[in-house]
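Analysis of the macromolecular model
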Amino acid sequence: LLEDVAECAPLDPQPRISIVALPPGGFWSPQCVSGDGSVRGVSFALFLVEDWWSAEDGGELELYGSNSAHVSTIVPPVFNTLLMYDAALCTSAVKVLSERAPQLAVV
C-alpha cells in the first residue's frame, strides 16, 4: 500500500529506524539518507515533541529539493505528526530554541 501511495520502489524489508533527540541548542546539518540520491524509497519523521511545542521553540525539519543546495520546504515539528517524504531528498533540522524539552522524533 505504501509503495503505491508514495509511488516508490519496493521498500526494504529491514528498514532503518532511529530515535532522534535534539537537545536545547541542538540541530543537524544537511544530510542525504540515501547517499547520492540514487536510491528510491520513503523516509519519514514521527514528531514526538511536547503538545505545547510551537514555531518559537525551533527544531523545524528542512527538506532540500532534488539536486539543490536550497531549502524547498520547512516543516514544523507538531506533536504526534507523521511526515513522509522522498528518501532521495536531503534534510536538516533547525536549532532547537526551547529550553524546556528536547525535540524528539522517530526517523
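All residue numbers here refer to positions counted from 1 along the written sequence of the relevant chain. Residues qualify for local features only when their pLDDT is at least 70, as the model is predicted, and side-chain atom pairs are given and counted only at 80 or more; totals for whole chains, interfaces and linings, by contrast, use all residues. For the side-chain quantities, the full set of heavy atoms in the structure was used; hydrogens and water were omitted.

A word on unusual backbone geometry. One non-glycine residue with positive phi stands out, namely N80, at about 60°. If you trace the backbone, N80 turns up in the loop between β5 (71-75) and β6 (81-86). Burial classes: relative accessible area under 20% of the type maximum marks a residue as buried, over 50% as exposed, and values in between as partly exposed (1.4 Å probe, protein chains only). Here N80 falls in the exposed class, since its relative accessible area comes to 53%. Working definition: helices are DSSP H or I runs of at least four residues, strands are E runs of at least two. Numbering for both runs from the N terminus.

Next up on the list: the sheet that holds strand β2 (residues 28-32). Hydrogen bonds between backbone atoms are what pair the strands of a sheet, whose relative direction is either parallel or antiparallel. Note on pairing: DSSP must find at least two bridges between two strands before they are called paired. The strand order β2-β7-β4-β5 describes an open sheet built from 4 strands, whose pairing is antiparallel. Two strands bound the open sheet, and with one partner strand each, they are β2 and β5. Each strand of the sheet is rotated relative to its neighbour by a mean of 20°, with strand direction disregarded. With 4 bridges joining them, strand β4 (residues 61-64) and β5 adopt antiparallel strand pairing. Note that in β5 the partner of E62 across the bridge is I74. Whenever a helix is involved, its axis is fitted only over the stretch in contact; in every case the axis is a line through C-alpha atoms, and angles between N-to-C directions fall within 0 to 180 degrees.

Pairing within the open sheet is antiparallel, and its 4 strands lie in the order β1-β8-β3-β6. At either end of the open sheet lies a strand with only one pairing partner, and these are β1 (19-22) and β6. Going across the sheet, the axis of each strand differs from the next one's by a mean of 25°, ignoring polarity. As defined by bridge partners, strand β3 (residues 42-47) adjoins strand β8 (residues 103-106) across 2 bridges and the pair is classed as antiparallel. Each bridged residue has a counterpart across the sheet, and for F47 the counterpart in β8 is A105.

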